[in-house]
Amino acid sequence: MPWAVAAIPAELVTFYDSVGEVTWADVGNGYFLDPASDVVLRLQEHGAVDVGAGHKARGVVIGSNGGGLSYVAGPHGVVYRTSTVSLDEPELHKAADDLRQFLELLERSLTRFVADGDPGYL
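Residues numbered from 1 in each chain as written. Predicted model: local features only at pLDDT ≥ 70, side-chain atom pairs only at ≥ 80, totals over all residues. Heavy atoms only, no water.

A. Region of interest: the packing of helix α2 (residues 10-18) against helix α4 (residues 99-116). Direction vectors running N to C along α2 and α4 enclose 50°, while the axes themselves pass 10 Å from each other. Considering their axes alone, α2 and α4 lie oblique with respect to each other. Where α2 abuts α4, its residues Glu 11, Leu 12 and Phe 15 lie against Leu 99, Arg 100 and Leu 103. (Axes fitted to C-alpha atoms, helices over the stretch in contact; angles between N-to-C directions. Helix = DSSP H or I, 4+ residues; strand = E, 2+ residues; numbered from the N terminus. Parallel < 35°, antiparallel > 145°, perpendicular 65-115°, else oblique. Contact = heavy atoms within 4.5 Å.)

Below, the structure is given as structure tokens:
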């Protein structure tokens, strides 16, 4: 298991120590940040996801948008969103520079949804 823990960015460890998971099933299709146990289990069973050119950078799936797209945390904390459902050869787009910014974007999506019913683009 040490390889699995080493693949998880430090800011995720802090997040999971303090928060654990996020489930907003009723915001748009939903926003989900999986609990650490699910992230580690997925990492053990399916391995890391390629996030860099030439397969040199690997990330871990940390959640989804409820519509089939996944969120992947890269080795330097960058959070990506897939634009395809498959994780075999995913097309990734940077969603945030780090977990803090990603959580702020999620908060803005929730605020927008409460105000006008629009869940945003995440």
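Continuing now.
B. The packing of aromatic side chains, seen in detail. Tallied over the entire structure, the rule returns two aromatic pairs. Pairing Phe 15 with Tyr 16 gives two aromatic rings, centres 5.1 Å apart and planes at 70°, and the pair type is edge-to-face. The residues Phe 15 and Tyr 16 share a single accessibility class, namely buried. (Phe/Tyr/Trp six-rings, centres within 6.5 Å; stacked < 30°, edge-to-face > 60°. Buried < 20%, exposed > 50% of the residue type's maximum accessible area, 1.4 Å probe, protein only.)

C. Structural detail: the confidence of the model for the protein chain. For the protein chain, the mean per-residue pLDDT works out to 85, and 91% of the residues sit at or above 70. Taken together, the stretch residues 1-6 has pLDDT below 50 and engages in seven contacts with residues farther than four places along the chain or on a different chain. (pLDDT = per-residue confidence, 0-100.)

D. Fine view of the layout of surface pockets. Here the largest pocket defines a volume of roughly 160 Å³. What lines the largest pocket is simply Arg 42, His 46, Gly 47, Ala 48, Val 49, Asp 50, Arg 58, Val 61, Leu 87, Asp 88 and Pro 90. Elements with a contribution of two residues or more to the lining of the largest pocket: α3 (36-46), β3 (49-50) and β4 (58-64). Partitioning the lining of the largest pocket into residue classes produces five nonpolar, two polar and four charged. (1 Å grid on protein atoms, 1.4 Å probe; cavity = no way out; pocket = protein on both sides within 12 Å on 5 of 7 lines; lining within 4 Å. Points joined across faces, edges and corners; volume = space filled by probe spheres on them. Nonpolar A, V, L, I, M, F, W, Y, C, P; charged D, E, K, R; others polar.)

E. Local environment of α4. With 18 residues, α4 ought to run about 26 Å at 1.5 Å a step, and its terminal C-alpha atoms sit 26 Å apart, in line with that. Where α4 begins, the side chain of Asp 98 points an oxygen toward the backbone nitrogen of Arg 100, at a separation of 3.3 Å. In the stretch just after α4, Gly 117 is the one whose phi turns positive, near 80°. (Expected span 1.5 Å × (residues − 1). Polar contact = N/O pair within 3.5 Å; in protein donor to acceptor, adjacent residues only side chain to side chain.)

F. Representation of the nonpolar core in the model. In this structure, Leu 12, Leu 33, Val 60, Ile 62, Tyr 71, Phe 102 and Leu 122 are the most contacted members of the largest nonpolar core, which totals 21 residues. Contributions of two or more residues to this core are made by α2, β2 (31-33), α3, β4, β5 (70-73), β7 (92-96) and α4. The element that contributes the greatest number of residues to this core is α4, accounting for four residues. Once you skip the residues sitting within four places of it in the chain, Leu 12 turns out to touch Val 60, Ile 62, Ala 73 and Leu 99. Residues Val 51, Val 61, Val 72 and Tyr 80 belong to the second largest nonpolar core, which totals six residues. (Core = buried A, V, L, I, M, F, W, Y, C linked by side-chain atoms within 4.5 Å.)

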